[in-house]
Amino acid sequence: MRKKLRKILLFFGLGLLLLLAWIGYNTGYIWRDYLSGPPVRFRENREIVVGLYPRGAPVAAVFTSDDLSAVTPLEVVERLRVLLRELEVRGTFFVIPNHLGQYPLSAGSPTVKMLEQLRRDGHEIAQHGWAHYSEKNRGRSVKMGAEMAYLSEEEQYQIIRRGRDLLTGLGFPPRGHRSPCFSGNRRTFRALDRLGFLYGSDLDLPPTTPKTLLLPSLPRRLMYPYHPDGLNLLEITSQTDPTVRPKKTLKIFRRYRKRGGVFAFLTHFPQISEPGNLARLERIIKFLREEGVWFCPMAELSEWWLARAEVDFQTGREGETLIIRWVNPSPYPLNDLEITIKDPDMKFFRLLPGEGKEPRQGEIPPSRSILVDI
Ligand SMILES: [Zn+2]
């Protein structure tokens, strides 16, 4: 009897272990970022620490707004635009080129004039699918708006290209794309990559459901931008809507701040312009400002990240002078990058940039940090 019991316990124990290993495998992308930290070539050595974001900001935040289309009431857009201008926040608007396949944006229309105004305010105009609708979803367990869910790579390529051409024809060549209802998948990544998009923001945070735990997910990251399947395309995961889930937003933000993540939060038209939502948005933006975030549109963040991930540093000493050399293999500059000198005995610094640039030298300030353009 005792032998039998032992056998049963062993059997269940092994089963439980296997189940836990399977869950660990499927959710690896969730805890990976917590273990690895930011995937950049150089963070620090014995002599210096290099900031992740401009002016040493501890975390990046991207305001994004989805669903602006030819049918969005313009007074709704204007209310948000005015608030963002007052708060001095520049963000990214993911625009639907041809809402429901029936309402294309057209040259000279009031909506396009509004897009021009948004761009003058410093915002980025990016692409949100094509129609935000797919007939292929009928009778399936996804929203009709989840446009990319059941489309082949070729179908996605064609509609994204049509949307891009339409926006480009209106004077807004998009550099970034967000899949409607975050319906992006591997086929979307490949289509965007073939079309030469700089970045995609096609997935959001995974829901905490048994499906998340038990089914394998796309290879991805949550906290830092990443190249899916080794493509050139940079993907940036979107976080939750702070006007809908303020508590969850704050919890996520605190984790990201601690680890230098990218906190890309989303809002939707027309809900965002209801007075209560605008007030909540204002509160969260002010809070993020106090936390020292770097706010920027997603294309800017992508360029920064591509350069920051690859830049490499070497240091050496000459008496009391610290010599700092670097290589930035990307085509993008890193302006106001913060270098902090660790060794308290060093009194001077000398920066030796690559060819064609003047070396710079000086006394290390009491803050022990200097800002450089790379
Ligand atoms: Zn949408």
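What comes next concerns the included structure. (Residues numbered from 1 in each chain as written. Predicted model: local features only at pLDDT ≥ 70, side-chain atom pairs only at ≥ 80, totals over all residues.)

For the protein chain, the count of helices and strands is ten helices and 17 strands. Projected onto its principal axes, the C-alpha positions of the protein chain cover 85 × 75 × 40 Å. Counting every position in the protein chain, which comprises 374 residues, the buried fraction comes to 37%. Here the analysis covers contacts within the protein chain between residues at least 6 apart in sequence; of these, 74% occur between residues at least 24 apart. (Helix = DSSP H or I, 4+ residues; strand = E, 2+ residues; numbered from the N terminus. Buried ≥ 20, exposed ≤ 12 C-beta atoms within 10 Å, placed from the backbone. Contact = placed C-beta atoms within 7 Å.)

Next up on the list: the nonpolar core. Counting residues in hydrophobic clusters, the biggest one holds 76 residues, and the most contacted among them are Ala60, Val62, Val262 and Phe263. Contacts of Phe263, omitting those with residues within four sequence positions, involve Val59, Ala60, Ala61, Gln239, Phe253 and Tyr256. (Core = buried A, V, L, I, M, F, W, Y, C linked by C-beta atoms within 7 Å.)

Between helix 5 (residues 153–169) and helix 6 (residues 186–194), the least distance of the axes is 8 Å, while the angle of their chain directions is 45°. Taken together, helix 5 and helix 6 sit at an angle that is classed as oblique. In the crossing of helix 5 with helix 6, the sense of the turn from one axis to the other is right-handed. Taken together, the residues of helix 6 that come into contact with helix 5 (itself represented by Glu153, Gln156, Tyr157 and Ile160) are Arg187, Thr188, Arg190, Ala191, Leu192 and Arg194. Across the contact of helix 5 with helix 6, the residue classes tally to four nonpolar, two polar and four charged. (Axes fitted to C-alpha atoms, helices over the stretch in contact; angles between N-to-C directions. Parallel < 35°, antiparallel > 145°, perpendicular 65-115°, else oblique. Left-handed = near helix turned anticlockwise from the far one by under 90°. Nonpolar A, V, L, I, M, F, W, Y, C, P; charged D, E, K, R; others polar.)

Under the 1.5 Å per step criterion, the end-to-end length of helix 5 is 24 Å for 17 residues, consistent within 8% with the ideal 24 Å. All buried positions along helix 5 are accounted for by Gln156, Ile159, Ile160, Gly163, Arg164 and Leu167. The buried side chains of helix 5 occupy one side of the element, clustering within an arc of 140° when seen end-on. The outward face of helix 5, more than 90 degrees from its buried face, is lined by the exposed residues Glu154, Asp165 and Thr168. Buried residues along helix 5 sit in contact with strand 3 (92–95), strand 4 (98–99), strand 6 (124–127), strand 7 (176–177) and helix 6. Phi for Gly171, located one or two positions after helix 5, is positive at around 100°. (Expected span 1.5 Å × (residues − 1). Arc of directions from axis to C-beta.)

A few words on the sheet that holds strand 15 (residues 348–352). The four strands are arranged 12-13-15-16 in an open sheet whose pairing can be described as mixed. Strands with a single pairing partner mark the edges of an open sheet, and in this sheet they are strand 12 (312–318) and strand 16 (360–363). Geometrically, the sheet is characterised by an average inter-axis angle of 20° between neighbouring strands, direction not taken into account. Where strand 12 meets strand 13 (residues 321–327), seven bridges bridge the pair, whose relative direction is antiparallel. (Pairing = 2+ DSSP bridges.)

Burial along strand 6 is two-sided: the residues Glu124 and Ala126 and Ile125 and Gln127 are all buried. Taken together, the four bridges between strand 3 and strand 6 define a ladder with parallel strand orientation. The residue bridging Val95 from the neighbouring strand is Gln127, located in strand 6.

Now for the environment of Asn98. When you line up the elements, Asn98 lands in strand 4. Counting along the chain gives 69 residues from Asn98 to Leu167, while the straight-line C-alpha distance between them is 9.8 Å. In this view, Asn98 contacts Tyr103, Pro104, Trp130, Ala131, Gly163 and Leu166; residues no more than four positions away in its chain are not counted.

So, on to the environment of Arg161. Structurally, the position occupied by Arg161 is in helix 5. Put simply, Arg161 and Ile48 are 113 residues apart on the chain and 45 Å apart in space, counted from C-alpha to C-alpha.

Bringing the sheet that holds strand 17 (residues 369–372) into the picture now. Spatially, three strands are ordered 1-14-17 in an open sheet, and the strand pairing comes out antiparallel. Each having just a single partner strand, strand 1 (48–50) and strand 17 make up the two edges of the open sheet. Pairs of neighbouring strands in the sheet enclose a mean axial angle of 25°, with direction left out of account. Direction of pairing for strand 14 (residues 337–341) relative to strand 17: antiparallel, over a ladder of four bridges. Note that in strand 17 the partner of Glu338 across the bridge is Leu371.

Once that is clear, we can look at the packing of helix 3 (residues 74–87) against helix 4 (residues 110–120). At their nearest, the axes of helix 3 and helix 4 sit 11 Å apart, and the two run at 5° to each other. One way to sum up the angle between helix 3 and helix 4 is to call them roughly parallel. Residues Leu74, Val77 and Arg81 of helix 3 form the contact with helix 4, whose own contacting residues are Pro110, Thr111, Met114, Gln117 and Leu118.

Note the cis peptide between Phe269 and Pro270, where omega equals 0°. Tracing the backbone through its elements, the reader meets Pro270 in the loop between strand 10 (262–268) and helix 9 (275–290). Residues other than glycine seldom take positive phi values, yet Arg55 does so here, at roughly 50°. When you line up the elements, Arg55 lands in the loop between strand 1 and strand 2 (60–68).

The values are spatial; any link to function lies outside them.
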